[in-house]
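Here is what each chain is made of, one letter per residue.
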Amino acid sequence: GLLGHSEGGVVASLCASKSNDVKFIILMASTGDNGSVIIKEQSRRIYKFLGRPDSEIKKEIEKISKIHDAIITDSGWDEIRADFLKQTKEKFANSNNPQYSAVENKDIMIQNIVESQIQGLKTPWWKSILTSNPADYMAKVKCPVLAIFGEKDFQVDAKNNSAKVSAALKKAGNKNVTIKTITGANHLFQKAKTGAIEEYGKLDKAFIPGFLDIIAKWTIETIK
C-alpha cells in the first residue's frame, strides 16, 4: 500500500494506475485537478483571507495565468522577465535592508535574481505539475482508496478536490472508496484556527485528534 500527502498523493495515484502490485492507497490532502487550477484557487483563497479587493485579486490571478502559460508553452518569457524586473526593483527601492544599500551594482544584482527566478520556472517539474491531471490517473485506479481532506485546508480545497477525486474514482468503477473531511484540520492535518499557511509553524505539531485513528482503522479493515 502507498500513502501520499498532497503531491505525494498524486504519485500514489499514478503508481496505482500503472501497477497491480499496489493493493491500496491513502491520499492525504491530494489534488483532483492540474496544478495550474490548484495554484490559482489557492492564491485566490489566500488573497481573500488577507482582505485584498476583488479587482486586485483578479489582476494577481491574471499574472499567475501568464506565468503558467509561459511555463507550459515555453514562450512569452520576455514579458515575464520584464514584469519580474519591475517588481524586484520596486521591492528593493522600498527596502531598508543595509545589505542592499551596500551593493555597488544594484542593477546586475537585480538581473541575477530575476534570471534565477526564470530558470527556476523553466523546469520539467513545473511543466508536469501544471499540465498533469491526477483525475486521469484516478480514473484507472481499481484498488481500495482512502482519501482524507482538511476542512480548513488553504492549499487544497477540501470541497472542490474531494468531489473531483470521488468523480474520478467513480469513473474507474472503483467500489472501495472512502472519502473523509476532517473538521478543523489544515493542509498538514494540524488542528487549525484559520488554516492559513502562516499559521503552520505556530500550531501544535501533533496531528489533529482522530486523524491517525481513521488511517489505522481503515488500513486494518482493508488488508484483512
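For the structure, check the block above.
What you see is a predicted model; the values in this text were computed from it and never measured.

Topic: the side chain of N174
With respect to the helices and strands, the residue N174 is situated in the loop between α9 (158–171) and β4 (177–182). In this structure N174 comes out as buried when scored by relative accessible area, which is 10%. From its side chain, N174 meets the backbone nitrogen of N176 in a polar contact 2.9 Å long. Apart from the residues within four sequence positions on either side, N174 is in contact with V141, K142, C143, V145 and L169.

Things to note about the nonpolar core
Counting residues in each nonpolar core, the largest one holds 16 residues, and the members touching the most others are I25, L27 and V141. Mapped by element, the contributors of at least two residues to this core are α1 (7–18), β2 (25–28), α8 (134–138), β3 (145–150) and α9. Tallying contributions element by element places α9 first for this core, with four residues. Dropping the residues within four chain positions of it, L27 is found in contact with G4, G9, A12, S13, M138, V145, L146, A147 and I148. I26, L146, I208 and I215 belong to the second-largest nonpolar core, a separate cluster that totals 13 residues.

What about unusual backbone geometry?
Not every positive phi belongs to a glycine, and D74 is a case in point at roughly 55°. Given the relative accessible area of 52%, D74 is considered exposed. Phi at F189 takes a positive value of approximately 60°, unusual for a residue other than glycine. Counting through the fold element by element, F189 comes out in the loop between β4 and α10 (211–223).

Observations concerning the packing of aromatic side chains
Any aromatic ring pair is given by two values, namely how distant the centres are and how the planes are angled relative to each other. Counted under the stated rule, the structure contains five aromatic pairs. Seen from their ring centres, W125 and W126 are 5.2 Å apart, and the 80° between their planes marks the pair as edge-to-face. What makes W125 partly exposed here is its relative accessible area of 44%. On the accessibility criterion, W126 (22% relative accessible area) is partly exposed. An aromatic cluster is defined as three or more aromatic residues linked by ring pairs; in this entry it consists of F189, F207 and F211.

Considering the pattern of salt bridges
Scanning the entire structure with this criterion turns up ten salt bridges. Close ionic contact of D78 with R81 constitutes a salt bridge, the shortest N to O distance being 3.5 Å. Here the residue D78 and the residue R81 both occupy positions in helix α4 (residues 77–93), the gap between them amounting to three residues, near one helical turn. Taking relative accessible area as the criterion, D78 reaches 64% and is therefore assigned exposed. Classification of R81 by relative accessible area gives partly exposed; the value is 21%. With a closest N to O distance of 3.0 Å, R81 and E115 form a salt bridge. A residue pair is termed long-range when its members are at least 10 positions apart, and R81 in helix α4 and E115 in helix α6 (residues 106–121) qualify at 34 residues. The class of E115 is partly exposed, set by a relative accessible area of 30%. Residues participating in the shared-partner salt-bridge network are R52, E56, E60 and K63.

Regarding the sheet that holds strand β1 (residues 2–5)
With parallel pairing, the four strands of this open sheet are ordered in space as β1-β2-β3-β4. Taken across any chain shown, the strands that pair with only one partner, and hence form the sheet edges, are β1 and β4. Strand after strand, the sheet turns through a mean of 10° between neighbouring axes, direction not considered. Judged from the four bridges that link them, β2 and β3 form a sheet pairing that is parallel.

Points about the environment of T178
Structurally, T178 is set in strand β4. Given a relative accessible area of 23%, T178 falls into the partly exposed group. Each C-alpha atom, one on T178 and one on V145, is 6.2 Å from the other, the two residues being 33 residues apart in sequence. Excluding residues that lie within four positions of it along the chain, T178 makes contacts with V145, L146, A147 and W218. At 3.4 Å, the side chain of T178 and the side chain of W218 are in polar contact.

Rules of the game
Residues numbered from 1 in each chain as written. Predicted model: local features only at pLDDT ≥ 70, side-chain atom pairs only at ≥ 80, totals over all residues. Heavy atoms only, no water. Helix = DSSP H or I, 4+ residues; strand = E, 2+ residues; numbered from the N terminus. Buried < 20%, exposed > 50% of the residue type's maximum accessible area, 1.4 Å probe, protein only. Polar contact = N/O pair within 3.5 Å; in protein donor to acceptor, adjacent residues only side chain to side chain. Contact = heavy atoms within 4.5 Å. Core = buried A, V, L, I, M, F, W, Y, C linked by side-chain atoms within 4.5 Å. Phe/Tyr/Trp six-rings, centres within 6.5 Å; stacked < 30°, edge-to-face > 60°. Salt bridge = Lys/Arg side-chain N within 4 Å of Asp/Glu carboxyl O. Pairing = 2+ DSSP bridges. Axes fitted to C-alpha atoms, helices over the stretch in contact; angles between N-to-C directions.

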